[in-house]
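Breakdown of the fold
Chain by chain, the residues run as shown.
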Amino acid sequence: MMSTVNDEATKKSYHLYFAWLISVIATLGSLYLSEIKGFIPCELCWYQRIFMYPLSILLGIATFYNERQIIKYALPLSIIGGSISLFHYMEQKVPGFAQIKPCTQGVPCSAEYFNWLGFITIPFLALTAFTLITVILWWGRKG
């Protein structure tokens, strides 16, 4: 019976680890695309970064200390960041949607630096990361 309790605690700690790993990959990916590939981030990309970068730090510290209380603070960051990513993706893929909130400076938010398989763009990758983090943290919130 004791091993079941320890197994359950171990599974719960993996939630933090996997969420942290996804946030680090997303953060490093965004830095690679802007700093190495030279893709200039648009306004909505910056907002998404504002919500992803702290997740890398917060979830990393929480994983190290196995501090599951961070979930209630990290979930809003991932949900809001995912909402911005969804809006950004719709701006790229839904005709006429870009006029709702057009970017006024720099790179237009409707621009696509790449379009793999006809639907995978940078906002789609960010949306995928935020969604995975949200789902993983949601599953791991009960302790």
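Residues numbered from 1 in each chain as written. Predicted model: local features only at pLDDT ≥ 70, side-chain atom pairs only at ≥ 80, totals over all residues. Heavy atoms only, no water.

1. Topic: the pattern of salt bridges
One pass over the structure, following the stated rule, counts one salt bridge. Its salt-bridge partner being Glu112, residue Lys93 comes within 3.4 Å of it at the nearest N-O pair. Taken together, the residues span a long stretch of sequence, with Lys93 in helix 3 (residues 71-93) and Glu112 in the loop between helix 3 and helix 4 (122-140) at a distance of 19 residues. According to the relative accessible area criterion, Glu112 is partly exposed, its value standing at 31%. (Salt bridge = Lys/Arg side-chain N within 4 Å of Asp/Glu carboxyl O. Helix = DSSP H or I, 4+ residues; strand = E, 2+ residues; numbered from the N terminus. Buried < 20%, exposed > 50% of the residue type's maximum accessible area, 1.4 Å probe, protein only.)

2. What about the nonpolar core?
One finds Leu16, Leu55, Leu59, Ile133 and Leu137 to be the most contacted residues of the largest nonpolar core, which totals 25 residues. A total of seven residues in this core trace back to one element, the largest contributor, which is helix 2 (residues 43-65). (Core = buried A, V, L, I, M, F, W, Y, C linked by side-chain atoms within 4.5 Å.)

3. Observations regarding the packing of aromatic side chains
Counted under the stated rule, the structure contains seven aromatic pairs. Considering the side-chain rings of Phe64 and Tyr65, the 4.9 Å spacing of their centres and the 90° angle between planes classify their relative orientation as edge-to-face. Pairwise contacts between aromatic rings join Tyr14, Tyr17, Phe18 and Trp20 into one cluster. Positioned above the aromatic ring of Trp46, the side-chain terminus of Arg49 is 5.0 Å from the ring centre. One residue, Arg141, lies across the ring of Trp138, its end atom 3.7 Å from the ring centre. (Phe/Tyr/Trp six-rings, centres within 6.5 Å; stacked < 30°, edge-to-face > 60°. Lys NZ or Arg CZ within 6 Å of the ring centre and 35° of its normal.)

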